[in-house]
Amino acid sequence: MNLQNYYDTVMELTHGIVVTLDLNGGIIHGNSELETLSGYHLKELAGRDWFEVFIPRDEREMARRALFESAHGQGISAFAGRIRAKDGDIVYVNWNLKPLTDSNGEVISLLCVGQDVTDLVLREKGLLRERFTLMERNKELSCLYSLSQLMGEIHRTMDDLLGHVVALLPSAFQHPDMTYARLRLGTKIYETPGYAESDFMLRSDLVISDEKRGSLSVAVRGYAPRTGFLEDEKDLFSTVVQQVVILVSKRETRLAKQELERQLRQSDRLAKIGQFSAGVAHEINEPLANILGFAELALQTPDLPDQVVTDLNNIVDSSLHAREIIRKLMFFGRQLPPQPTHIDLNDTVDQALRITEAGSMRGDIVVVREFDPELPRILADPQHIKQVVVNLVVNAIQAMAHGGTVTIRTLTNQSDVYLTVEDTGPGMTPDVLKMIFTPFFTTKDVDKGSGLGLSVIHGIVKAHGGFIQVHSAPDEGTRVEVAFPCHLRGPEE
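Residue positions are counted from 1 within each chain, in the order its sequence is given. For a predicted model such as this one, the threshold for reporting local features is a pLDDT of at least 70, and the threshold for listing and counting side-chain atom pairs is 80 or more; totals across whole chains, interfaces and linings nevertheless cover every residue. Computation of side-chain values: all heavy atoms of the structure, hydrogens and water removed.

Attention now moves to the confidence of the model for the protein. Looking at any residue, its pLDDT shows the predictor's confidence there, from 0 to 100. When pLDDT is averaged across the protein, the result is 78; 79% of the residues are at 70 or more. Contacts are assigned to residue pairs with any non-hydrogen atoms lying within 4.5 Å of each other. Every residue in residues 488–493 scores below 50 in pLDDT, and together they form 18 contacts with partners more than four places removed in sequence or on other chains.

Right, dumping it as structure tokens:
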């Protein structure tokens, strides 16, 4: 039998790729299966370097070294590899390699028989991709499920909920140990330990009620074999942003509703107290006027004993004090409406401070005036404004039993006019601060306060269309801010 015909027949009957290489990697011979899979004719391949033709540039050196290391043995070596066809497609091959020797036992060539396993490898890779996708999807669904549970826990504080959202977010991404999250809402920041910006980031603004209130961002840093985020990760991130916006919106809506309900209850209570106070004031006012009038008439009687004069003066003083309380009650009950006129707030405040000068000097109190010379005129009742200033300054003086400083400021900001009264007293606890505008609530001794001063101030400011705020804390003093809106300015301004 012709050995060449025998060799060619064996090459063609073999189910797979058969190729013979010389010891430099040159192609000596191959079969038709090699032509079919590679797209090259054998005439094109004869004498060419196998690695230059079929192996990608960055893998050639490693493949050449691996092949010739396997050729040192006398047995059959098996290994897996891939070749690049003429059209650029990648073909995966399982190889069996056997060195061919001459009569002296010297290796003269390499016989390589390979089986095309491209379909098998691709199916395996597809299954791995599906498994990876399912695992990632499971992480994302677990994150969303945990997030939905958090949304239902209304007993938690906002800080607690947002902190848990940030801590939960990295677990839904491919590399949780390299993923960091950061959430900013207003001035507050919640972030996972070690957060820092990187080349791979997702970031989105938190827009609540058409207002940009903060942002949410996810950063991947460190060594991570990736070039970007998966589409599912981007979708998850967008969903979390929406959930955070919904969470904050609902929580703020609920808090606003609770505050509105509290204000309505307070307004209703104040209205009822005002009606009752006005009725009582009317009932007491007439007999009190009689007592005051008869006491003043009695004082005009000649040759009264000193003790009688003293007693009558005490009756007059007490009646005047009682009349002042009734006046406050009537104002609190809206029986004394304001009579507004265009006034210079600086001048009105200065006149009111003169009334308190004696009390401040007795108490070793320093009164500091810081008036804005450019302050515009406002529409207000001067007597009511004086009452506001006197009450606030007297409260500050009484709070500083061992001396201190009261600072009265006026200023304008964006067309609004502000009056602030600040003292260096002991301040108030949060519990007391909540009650200061409640009628008849006072921390003073019985003979030093009726508990109506701040309630009346609140009514005056509200009647003028303004608002009042009190800031205080133990050992930090008290600051009262009163604002009058711009629409109450004089027409000339």
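Structure's up, so let's keep going.
What follows is about the sheet that holds strand 7 (residues 188–191). Read across the sheet, four strands follow the order 7-6-9-8 without closing on themselves; strand pairing throughout is antiparallel. Two strands in the sheet have a free side with no partner beyond their single neighbour: strand 7 and strand 8 (200–208). Strand-to-strand, the axes of this sheet are offset by a mean angle of 15 degrees, without reference to chain direction. By this definition, two strands are paired if DSSP reports at least two bridges between them. Secondary structure elements follow DSSP: runs of H or I no shorter than four residues count as helices, runs of E no shorter than two count as strands, and numbering proceeds from the N terminus. Strand direction decides the pairing type here: strand 8 and strand 9 (residues 211–220), joined by nine bridges, are antiparallel. The residue of strand 9 that forms the bridge with Ser204 is Leu216. To obtain an axis, a line is fitted to C-alpha atoms, over the contacting stretch when the element is a helix, and the angle between two such axes runs from 0 to 180 degrees between their N-to-C directions. Seen against the sheet, helix 7 (residues 158–168) touches strand 6 (179–185) and strand 7 and runs at an angle of roughly 35 degrees to strand 7.

Read across the sheet, five strands follow the order 11-13-14-16-15 without closing on themselves; strand pairing throughout is mixed. The two strands at the open ends of the sheet, each matched to only one other strand, are strand 11 (365–370) and strand 15 (467–472). Across this sheet, the average inter-strand angle for adjacent strands is 15 degrees, counted without regard to direction. For strand 14 (residues 416–423) and strand 16 (residues 478–484), the ladder comprises seven bridges, and the chain directions are antiparallel. Looking at the pairing, Thr420 lines up with Glu481 of strand 16. Strand contacts of helix 11 (residues 382–399): strand 11, strand 13 (404–413), strand 14 and strand 16, with the helix running at about 25 degrees to strand 14, the strand carrying the most contacts.

Before going further, it helps to examine the pattern of salt bridges. Here, a salt bridge means any Lys or Arg side-chain nitrogen found within 4 Å of an Asp or Glu carboxyl oxygen. The full count for this structure, using the stated rule, is 14 salt bridges. Of the charged contacts in the structure, one is a salt bridge between Arg479 and Glu481, with a shortest N-O distance of 2.9 Å. When salt bridges that share partners are traced, they join Asp350, Arg354 and Arg369 into one network.

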